[in-house]
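Okay, here's what each chain looks like letter by letter:
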Amino acid sequence: MESVKTKKTAFNAIHHILGGKMVEYAGFEMPVQYKGVTCEHETVRSSVGVFDVSHMGEISIQGKGSFELMQKLTTNDVSKLYPGKVQYSCMPNDTGGIIDDLLVYKISKNDYLLVVNASNIQKDLDWVKRHNSFGAEVTNISDSISLLAVQGPKSLKVLQKLTDINLKELKSFSFTIDELARIPNALISTTGYTGELGFEIYVENKYAAHLWEAIFEAGKDEGIEPIGLAARDTLRLEMGYCLYGNDINDYTSPLEAGLGWITKFTKDFIYNGFLKIQKEKGVTKKLVGFEIEGKDIPRHGYEIWDHHHQIIGTVTSGTLSPTLKKGIGMGYVCFESAKDGSEIFINIRNKPVKGIIVKTPFIKD
């Protein structure tokens, strides 16, 4: 059987030049870190960092029927979108699970852009096409787009040097399409996965190297650094953001995952009957955040115990928080055990490590 060739983003050569530690991730060769996870994490929290997230997928939905298709496929209410607005949403499957979580951009009337997880691009594309009974034009444009996330408290100051747009006027989860660093038609979005002030910038691949160089030149006096996927994970986990494949998947419902706020029963969406029943009857398991004392690190798949050392759940994500200097994680536990403040134990190498269920985000403003 012929092996699948690992893809490379348009920034790949730059990562190698900068000494990035490269790994295979979601079919791409991506930098997991440069100088180290903790210092990269702290750079984003204190100044500004740049992530290559070009592995993410982009699917264009255009033409007559595009709105109807989006309303059918996603749990959030697309009618609330207007040109220049972004919406976090998910696509449910026929058993109440999640096909993928995604961002929905409304470019203009009958023109939407879906930003999906890299590992789900083909799966999502097949699902969208399968349910496109509205005549919408569905196009996978992932391979033509490069995407940088510029995140941190100094991100606005850095990017403002590269455009005449007043970036302060862009509200959270909004975007504009304009010139940036002399690059035409750059999509500049006030989105991110870190919890910090930040932007995500979409450009054609041919502008990728120029965009990187321009941003780093503009940020040289602000302590700008390239950031790898490992710090992206610790940053998102400190905020309690779900990661597809860990905290949400085909077998977890948005209600169980605490995503009821993007599940709108004021409209009809595909296979919503299961979720309506689940909302009425209540969930049997719930995604919770927890903290543990000391340097033990909870990891995906570890058992969660009650005080009788009976299994009540499983860790879905865990790390040593660079900000809090202690172990944090998320996991599903039976609903009866999901109360904030409850004492739990994480089975770490056959040792019960005490923890407390806490509200996320783990770090507060």
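Everything in this summary refers to the structure shown in the same document. What you are looking at is a predicted structure, and each value in this text was computed from that prediction instead of being measured.

**Considering the packing of helix 2 (residues 37-46) against helix 7 (residues 229-238)**
And step 1. It is at 8 Å that the axes of helix 2 and helix 7 come closest, and there the two elements cross at 55°. Classified by the angle their axes make, helix 2 and helix 7 are oblique. The element helix 2 and its partner helix 7 pack so that their crossing is right-handed. In contact with Val37, Glu40, His41, Val44 and Arg45 of helix 2, helix 7 contributes Ala230, Ala231, Thr234, Leu235 and Glu238.
And step 2. Looking at the contact of helix 2 with helix 7 residue by residue, the classes come out as five nonpolar, two polar and three charged.

**Thoughts on the sheet that holds strand 10 (residues 145-151)**
And step 1. What the six strands build is an open sheet, ordered 11-12-13-10-4-14; its pairing is mixed. Among the strands making up the open sheet, the edge pair consists of strand 11 (175-180) and strand 14 (225-227). On average, adjacent strands in this sheet sit at an angle of 30° to one another, irrespective of strand direction.
And step 2. Bridge count between strand 11 and strand 12 (residues 183-189): five bridges; the pairing is antiparallel. Bridge pairing links threonine 176 to isoleucine 188 in strand 12.

**Some points on the pairing of strand 6 (residues 85-92)**
And step 1. With seven of eight residues buried, strand 6 is to be regarded as a mostly interior element.
And step 2. Where strand 6 and strand 7 (residues 98-108) come together, eight bridges link them in antiparallel fashion. Bridging across to strand 7, tyrosine 88 finds its partner in leucine 103.
And step 3. The hairpin turn running from strand 6 into strand 7, its antiparallel successor, is five residues long, and glycine 96 in that turn takes a positive phi close to 90°.

**As for the sheet that holds strand 15 (residues 285-292)**
And step 1. The strand order 15-18-17-16-19-20 describes a closed barrel built from six strands, whose pairing is antiparallel. Each strand of the sheet is rotated relative to its neighbour by a mean of 45°, with strand direction disregarded.
And step 2. Inspection of the sheet shows strand 19 (residues 343-348) paired to strand 20 (residues 351-358) by six bridges, in the antiparallel sense. In the strand pairing of strand 20, isoleucine 344 is matched with glycine 355.
And step 3. The strands that helix 7 touches are strand 17 (311-320) and strand 18 (327-334); relative to strand 17, the one it contacts most, it runs at about 125°.

**Looking at the pattern of salt bridges**
And step 1. Using the criterion set out here, one finds 16 salt bridges in the structure.
And step 2. A salt bridge links lysine 325 to glutamate 42; its shortest N-O distance comes to 3.5 Å. Of the two residues, lysine 325 sits in the loop between strand 17 and strand 18 while glutamate 42 sits in helix 2, which places them 283 residues apart along the sequence.
And step 3. Taking relative accessible area as the criterion, glutamate 42 reaches 35% and is therefore assigned partly exposed.
And step 4. Aspartate 247 is the salt-bridge partner of arginine 236, the closest N and O atoms lying 2.9 Å from each other. Taken together, the positions of arginine 236 in helix 7 and aspartate 247 in the loop between helix 7 and helix 8 (272-281) put the pair 11 residues apart, joining distant regions of the chain.
And step 5. A relative accessible area of 0% means that arginine 236 is categorised as buried.
And step 6. In this structure, a network of salt bridges that share partners links the residues Arg45, Glu196 and Glu238.

Reading guide: rules and limits
- Numbering of residues begins from 1 in every chain and follows the order in which that chain's sequence is written.
- Note on the predicted model: pLDDT of at least 70 is required for a residue's local features to be given, and 80 or more for side-chain atom pairs to be given and counted; whole-chain, interface and lining totals, by contrast, use all residues.
- Based on all heavy atoms of the structure, the side-chain values leave hydrogens and waters out of the count.
- Helix axes use the C-alpha atoms of the stretch in contact, all axes being lines fitted to C-alpha atoms, and the angles between their N-to-C directions lie in the range 0 to 180 degrees.
- Strands are runs of DSSP state E lasting at least 2 residues, helices are runs of H or I lasting at least 4, and numbering of each runs from the N terminus.
- Each angle receives one of four descriptions, namely roughly parallel if under 35 degrees, roughly antiparallel if over 145, roughly perpendicular if within 65 to 115, and oblique otherwise.
- Should the near helix be turned anticlockwise from the far one by less than a right angle, the crossing is termed left-handed; should it be turned clockwise, right-handed.
- Pairs of residues are marked as contacts when any of their non-hydrogen atoms sit within 4.5 Å.
- Under the grouping applied here, Gly and all other residues not named as nonpolar or charged are polar, the nonpolar ones being Ala, Val, Leu, Ile, Met, Phe, Trp, Tyr, Cys and Pro and the charged ones Asp, Glu, Lys and Arg.
- A pair of strands counts as paired when DSSP detects no fewer than two bridges linking them.
- Exposure categories follow from relative accessible area, calculated using a 1.4 Å probe and restricted to protein chains: below 20% of the type maximum is buried, above 50% is exposed, and the middle band is partly exposed.
- Any carboxyl oxygen of Asp or Glu within 4 Å of a side-chain nitrogen of Lys or Arg constitutes a salt bridge here.

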